[in-house]
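Summary of structural features
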Amino acid sequence: MAHILVTGGAGFIGSNFVHHLVGRTEHRVTVLDALTYAGNLASLAGLPAERVTFVKGDISDAALVDRLVSETDAVVHFAAESHNDNSLHDPRPFLQTNIVGTFTLLEAVRRHDRRFHHISTDEVYGDLELDDPRRFTESTPYNPSSPYSATKAGSDMLVRAWVRSFGIQATISNCSNNYGPYQHVEKFIPRQITNVLRGQRPKLYGRGENVRDWIHTEDHSSAVLTILENGVIGETYLIGADGERSNMDVVGLILRLLGEPADAYDHVVDRAGHDLRYAIDSSKLRTELGWAPAFGDFESGLAATIEWYRENESWWAPAKDAAERFYASKGQ
Ligand code: NAD
Ligand code: TDX
């Protein structure tokens, strides 16, 4: 039994991970989260108070981070500014949280010699052509496109440097696009589901041909726990579940599952610098650590996610208008 500090634990993937940890282990959890627009305490509702403590605070607050790291055994670092479109509008918070925040955590981990797992993204590798037979592996060169992915790439490099220069006990994982409950309505899948639930049409950037490699957030959680328990210090692991789909296909599936006509969507202004395709080869994690995804069927995972949004309007409705105002101001 250990005490784990989870940064960003009130966000989408972090909150799902906290639920996973509480359900699958005996560990105690402290969540450190600044509750930015993307954080929501309701995502942690129902968790046992004797197992989970919530601390509202910023990962760039060195004194707070030092105390929390000293009081726990390991850190799993999810906190980030996570949305590409926001990073194109205002990159500054991305530099502050993703770079300075990660640096602040690394320094505390170094002082107190704690286990650290850094959560990152496949976007650090840039993008692939649609017909490229290759997928990203741990040795693909870094080539980030957006301010978001550049800051995530920078944070990965900081972790690697702190391992090599200071010998901290860290691992890194780079995961593909997640879907599932508690995802903010600014993101692609929840935006389209909640549009249809509100009688509005899904919005596809550009031609809709861009491909993302979808993984259920529960599979991301099980992979992170596997790496935390059995990962080799200093190593990077790619996490993916062979879920490549074009955005057009995903919108078509959402419309079908919600009983709407197949063509009931709009094409809108494309994202600047829009990455064409991501695809993950997760062989290292599967062969070396024995991990496998449990949510193999995207269509049933998506159907369950749609049901979650249908049943939890009170969770997403407060954020929906602001997200749509932002998109409308960009012609998206
Ligand atoms: P999210 O935006 O839903 O959640 C981020 C959380 O971090 C929020 O609760 C927010 O309040 C908190 N936060 C932001 N700045 C903070 C700060 N300075 N101090 C403390 N807390 C702060 O993001 P997400 O989609 O859950 O992503 C979590 C992590 O996973 C990120 O590191 C992201 O890069 C990575 N990731 C995401 C995906 C994906 O598909 N969403 C895929 C791969 C990797
Ligand atoms: O309304 C939309 N219409 C649309 O066509 C939105 C919001 C997005 N898109 C497209 C852009 C992308 O091709 O859908 C795809 C997915 O978009 P996002 O949900 O914004 O995700 P993406 O940019 O791929 O990044 C996500 O995966 C990697 C997460 O937001 C990142 O945090 C993670 O690192």
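Residues numbered from 1 in each chain as written. Chains lettered and ligands numbered in written order. Predicted model: local features only at pLDDT ≥ 70, side-chain atom pairs only at ≥ 80, totals over all residues. Heavy atoms only, no water.

A short note on the environment of S173
- Its place among the elements puts S173 in strand β6 (residues 170-175).
- For the pair formed by S173 and T236, sequence separation is 63 residues and the distance between their alpha carbons is 5.6 Å. (Helix = DSSP H or I, 4+ residues; strand = E, 2+ residues; numbered from the N terminus.)

Some words on the site of ligand 1
- Lining the immediate environment of ligand 1, one finds 28 residues, of which I13, D33, S82, Y148 and K152 sit closest.
- Here a nitrogen atom of ligand 1 sits 3.0 Å away from a polar atom, N or O, in the side chain of D58.
- Note that an oxygen atom of ligand 1 is positioned 2.7 Å from one of the side-chain N or O atoms of S82.
- Coverage of ligand 1 by the protein amounts to 97% of the 830 Å² it exposes when considered alone.
- Sorting the residues of the shell around ligand 1 by element identifies α1 (12-24), β5 (115-121) and α5 (147-166) as the ones contributing at least two each.
- It is β5 that provides the largest number of residues to the shell around ligand 1, a total of three residues.
- For the shell around ligand 1, the class distribution of residues is 13 nonpolar, 12 polar and three charged. (Near = heavy atom within 4 Å. Polar contact = N/O pair within 3.5 Å; in protein donor to acceptor, adjacent residues only side chain to side chain. Areas by Shrake-Rupley, 256 points an atom, 1.4 Å probe, with all protein chains shown as cover. Nonpolar A, V, L, I, M, F, W, Y, C, P; charged D, E, K, R; others polar.)

Re the pattern of salt bridges
- Scanning the model with the defined rule gives 19 salt bridges in all.
- Here E209 ties to R207 by a salt bridge, and the two come within 3.1 Å at their closest N and O atoms.
- On the basis of relative accessibility, which here comes to 61%, the residue R207 falls in the exposed class.
- Among the ionic pairs, K284 bridges to E235, the shortest N-O distance being 2.6 Å. (Salt bridge = Lys/Arg side-chain N within 4 Å of Asp/Glu carboxyl O. Buried < 20%, exposed > 50% of the residue type's maximum accessible area, 1.4 Å probe, protein only.)

Re the sheet that holds β6
- Taken in spatial order, the seven strands of this open sheet run β3-β2-β1-β4-β5-β6-β11, and their pairing is parallel. Looking at strand neighbours, the two that pair on one side only are β3 (52-56) and β11 (236-239), the edges of this open sheet. On average, each strand axis in the sheet is inclined to that of its neighbour by 20°, with strand direction left out of account.
- Two strands pair when backbone bridges link them, and β6 and β11 are joined in this way by four bridges, in the parallel orientation. In the strand pairing of β11, S173 is matched with Y237. (Pairing = 2+ DSSP bridges. Axes fitted to C-alpha atoms, helices over the stretch in contact; angles between N-to-C directions.)

Section: unusual backbone geometry
- Residue D113 is not a glycine yet carries a positive backbone phi of 50°.
- Tracing the backbone through its elements, the reader meets D113 in the loop between α4 (92-112) and β5.
- The phi dihedral of Y182 is positive, around 70°, even though this residue is not glycine.
- When you line up the elements, Y182 lands in the loop between β7 (178-179) and α6 (188-197).
- A relative accessible area of 16% means that Y182 is categorised as buried.

Some remarks on the site of ligand 2
- Taken together, 22 residues lie near ligand 2, and T121, E123, Y148, R271 and H274 sit nearest.
- Separating an oxygen atom of ligand 2 from a backbone N or O atom of S82 is a distance of 2.8 Å.
- One nitrogen or oxygen atom from the side chain of N177 is found 2.9 Å from an oxygen atom belonging to ligand 2.
- Against a free-state accessible area of 660 Å², the protein chains account for coverage of 94% of ligand 2.

Points about empty space enclosed by the protein
- Tallied over the full model, the rule gives one cavity of 30 Å³ or more.
- Of the voids in this model, the largest cavity is the one considered here, and its volume is about 70 Å³.
- If you trace the largest cavity, you find it lined by N84, L88, E123, S145, S146, R212, R271, A272, G273, H274, D275 and Y278.
- Class assignment for the residues of the lining of the largest cavity results in three nonpolar, five polar and four charged. (1 Å grid on protein atoms, 1.4 Å probe; cavity = no way out; pocket = protein on both sides within 12 Å on 5 of 7 lines; lining within 4 Å. Points joined across faces, edges and corners; volume = space filled by probe spheres on them.)

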